[in-house]
Amino acid sequence: MQQLGAIRHDWTEAEVKALFELPFNDLMFKAHTVHRENFDPNEVQVSTLLSIKTGACPEDCKYCPQSGHYNTGLEKERLMQVEKVIEKAKKAKETGSTRFCMGAAWKHPADKDMPYVVEMVKQVKALGLETCMTLGMLDENKAGQLAEAGLDYYNHNLDTSPEFYDKIITTRTYQDRLDTLQNVRDSGMKICSGGILGMGETATDRYGLLMQLANMPVQPESVPINMLVKVEGTPLENVDDLDHLDFIRTIAVARIMMPASHVRLSAGREKMSDEMQAMTFFSGANSIFYGECLLTTPNPETHRDVQLFRKLGINMEQRISESDETQEAALMNSLQKQQDSDHFYEA
Ligand code: SAM
Ligand code: DTB
Ligand code: SF4
């Protein structure tokens, strides 16, 4: 669909604050109007995540179960074999996902790992899936190698505002993150970048995060908004719960500020009711991670998402190139398999 409203890169804190402080219904109406001008409001893009290298990460991100600085009881694993990754990607395609996102708990990919991740990109792409990776920091050279392999998206989150950032991560700077995003942009790949809410940040930090993202010379094509998954053993395990209305407001303001980007309702859906998710779709979220596992923590079961989409009349966004089995057929197939196995275990 054609994007109608102008995309702005000069948002001020006062303007963002004013949006957040609108009466709730006014904000919902405004965000939904922008959403409708730019997207089919009944379509949601679905991506599947796979952790291709888990745990023992040298970074100290205080929210992360995979950081080697905290004891979260996670089994650390080596880089997954290419064949295993392809098996998982095939399954993701069968259940209706259009994008396969591979994540590694690295500071940055090592030279010796590049041939393997490049091969993963090529083979996943050959299945007809869009590809996304999140491997930590990238220099120009590695971004170039991934772009050449055909990687569509690179995920690298800013996570929070520049002001709050140092309270969450000390082993890489905000500028390091911006540099990686610049290298991704220069290589021609699309950017997936967003953040986490519910880490004890202030409302001003939320404005700051959205301003950083929206005021980039080219806005990220994909903006994941995660709600903190509190994992035992991480420094943020006991942080106060985020008010769900504040979460919904943030999605709405992200939609208004980044009208043409896909806003992804990312981690934290396990704790969200159907009604809350419906409200986020109304306010402009139009992408989710689909499948029982995020990287290391649980996500809603696929049949629950299929049922939610049915109840809301939401269709999964299809890729233009989708030619063989239609996604609806893939979806029915996955729902049927799920129901069969439910009956099997009930019997
Ligand atoms: N290691 C790579 C990196 O950080 O650059 C990629 C993987 S990392 C797990 C991807 C993103 O997941 C993080 O930037 C963060 O936004 C999100 N994330 C990690 N742990 C989370 C948690 N407990 N709750 C919500 N989001 C989380
Ligand atoms: C993003 O913003 N969220 C995803 C994806 N990008 C890589 C990761 C969420 C991870 C949640 C914690 C876990 O499962 O380990
Ligand atoms: Fe490592 Fe990424 Fe987790 Fe930070 S978020 S500790 S970089 S895996």
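Residues numbered from 1 in each chain as written. Chains lettered and ligands numbered in written order. Predicted model: local features only at pLDDT ≥ 70, side-chain atom pairs only at ≥ 80, totals over all residues. Heavy atoms only, no water.

A. Summary view of the overall build of the chain. Tallying secondary structure elements over the chain gives 12 helices and 10 strands in all. The C-alpha radius of gyration computed for the chain amounts to 19 Å, which stays within 12% of the reference 20 Å derived for 347 residues, consistent with globular compactness. Expressed along its principal axes, the backbone C-alpha trace of the chain runs to roughly 50 × 45 × 40 Å. Within the chain, the fraction of its 347 residues that count as buried is 54%. For the chain, the exposed area adds up to about 15,600 Å²; of that, 51% sits on carbon and sulfur atoms. If you average the places of the 36 positive and of the 52 negative side-chain charges in the chain, the two averages end up 2 Å apart. (Helix = DSSP H or I, 4+ residues; strand = E, 2+ residues; numbered from the N terminus. Rg over C-alpha atoms; globule rule 2.2 N^0.38 Å. Buried < 20%, exposed > 50% of the residue type's maximum accessible area, 1.4 Å probe, protein only. Areas by Shrake-Rupley, 256 points an atom, 1.4 Å probe, with all protein chains shown as cover. Lys, Arg positive; Asp, Glu negative; His and termini not counted. Charge placed at Lys NZ, Arg CZ, Asp CG, Glu CD.)

B. Fine view of the site of ligand 2. Around ligand 2, a shell composed of Leu49, Pro65, Thr134, Asn155, Asn157, Pro224, Asn226, Phe289, Leu294, Leu295, Thr296 and Thr297 is seen. Leu295 places a main-chain nitrogen or oxygen 3.0 Å from an oxygen atom of ligand 2. Interatomic distance of 2.6 Å between a side-chain N/O atom of Thr296 and an oxygen atom of ligand 2. Protein chains bury 89% of the 400 Å² of accessible surface belonging to ligand 2 in isolation. The residue makeup of the shell around ligand 2, split by class, is 6 nonpolar, 6 polar and no charged. (Near = heavy atom within 4 Å. Polar contact = N/O pair within 3.5 Å; in protein donor to acceptor, adjacent residues only side chain to side chain. Nonpolar A, V, L, I, M, F, W, Y, C, P; charged D, E, K, R; others polar.)

C. Spotlight on helix H11 (residues 302-312). Residues of H11 that are buried: Thr302, His303, Asp305, Val306, Leu308 and Phe309. Two residues or fewer after H11 comes Gly313, characterised by a positive phi angle close to 70°.

D. A look at helix H3 (residues 82-94). Under the 1.5 Å per step criterion, the end-to-end length of H3 is 19 Å for 13 residues, consistent within 8% with the ideal 18 Å. Those residues of H3 lying buried are Val82, Val85, Ile86, Ala89 and Ala92. Buried residues of H3, viewed axially, fall in a sector of 115°; they line one side. In H3, the exposed positions angled more than 90 degrees off the buried face are occupied by Glu83 and Lys91. Residue Gly96 follows H3 closely and has a positive phi angle near 105°. (Expected span 1.5 Å × (residues − 1). Arc of directions from axis to C-beta.)

E. The arrangement of the packing of aromatic side chains in detail. Overall, the coordinates contain 3 aromatic pairs when judged by the stated rule. Look at Tyr165 and Tyr174: their rings are 5.2 Å apart centre to centre, the planes differ by 85°, and that puts the pair in the edge-to-face class. Each member of the pair Tyr165 and Tyr174 is classed as buried. Residue placement shows Arg8 over the ring face of Trp11; its charged tip is 4.2 Å from the ring centre. The lysine or arginine in question, Arg99, covers the ring of Tyr153, its NZ or CZ lying 3.8 Å from the ring centre. (Phe/Tyr/Trp six-rings, centres within 6.5 Å; stacked < 30°, edge-to-face > 60°. Lys NZ or Arg CZ within 6 Å of the ring centre and 35° of its normal.)

F. Structural view of the site of ligand 1. Around ligand 1 lies a shell of 17 residues, among which Tyr63, Thr134, Asn157, Asp159 and Val229 are the nearest. In this structure, Ala104 approaches ligand 1 through a main-chain N or O atom, which is 3.1 Å from a nitrogen atom. Burial of ligand 1 by the protein chains amounts to 89% of its free accessible area of 560 Å².

G. Seen up close, the packing of H3 against helix H4 (residues 114-126). Close contact between H3 and H4 brings their axes to 10 Å; oriented N to C, the two are set at 30°. One way to sum up the angle between H3 and H4 is to call them roughly parallel. As H3 packs across H4, the resulting crossing turns out to be right-handed. For the pair formed by H3 and H4, the contact residues are Val82, Val85, Ile86 and Ala89 on the first element and Tyr116, Glu119, Met120, Gln123 and Val124 on the second. Residues belonging to the contact of H3 with H4 are distributed by class as follows: 7 nonpolar, 1 polar and 1 charged. (Axes fitted to C-alpha atoms, helices over the stretch in contact; angles between N-to-C directions. Parallel < 35°, antiparallel > 145°, perpendicular 65-115°, else oblique. Left-handed = near helix turned anticlockwise from the far one by under 90°. Contact = heavy atoms within 4.5 Å.)

H. Fine view of the state of the cysteines. Tallied over the entire structure, the rule returns 0 disulfides. Cys132 forms no disulfide, and the closest cysteine sulfur to it belongs to Cys101, at a distance of 3.4 Å. Residue classification places Cys132 among the buried residues on the basis of a relative accessible area of 3%. (Disulfide = S-S within 2.5 Å.)

I. Layout of the environment of Ile86. Here Ile86 lies in helix H3. Ile86 gets classed as buried once you look at its relative accessible area, which sits at 8%. Residues Ile86 and Gln123 lie 37 residues apart in sequence; the distance between their C-alpha atoms is 7.0 Å. Leaving out residues up to four positions away in the same chain, Ile86 has contacts with Met120, Gln123, Val124 and Leu127.

J. Expanded view of the environment of Thr204. With respect to the helices, strands and loops of the structure, Thr204 is situated in helix H8 (residues 203-214). Exposure remark for Thr204: the relative accessible area of 39% places this residue in the partly exposed category. With 173 residues separating them along the chain, Thr204 and Ala31 place their C-alpha atoms 20 Å apart.

K. Examining the packing of H8 against helix H9 (residues 244-257) more closely. For the pair H8 and H9, interaxial distance at closest approach is 10 Å and the crossing angle is 25°. Taken together, H8 and H9 sit at an angle that is classed as roughly parallel. As for the relative orientation of H8 and H9, their crossing is right-handed in sense. Touching Arg206, Leu210, Met211 and Ala214 of H8 are Asp246, Thr250, Val253, Ala254 and Met257, all from H9. The class makeup of the residues in the contact of H8 with H9 is 6 nonpolar, 1 polar and 2 charged.

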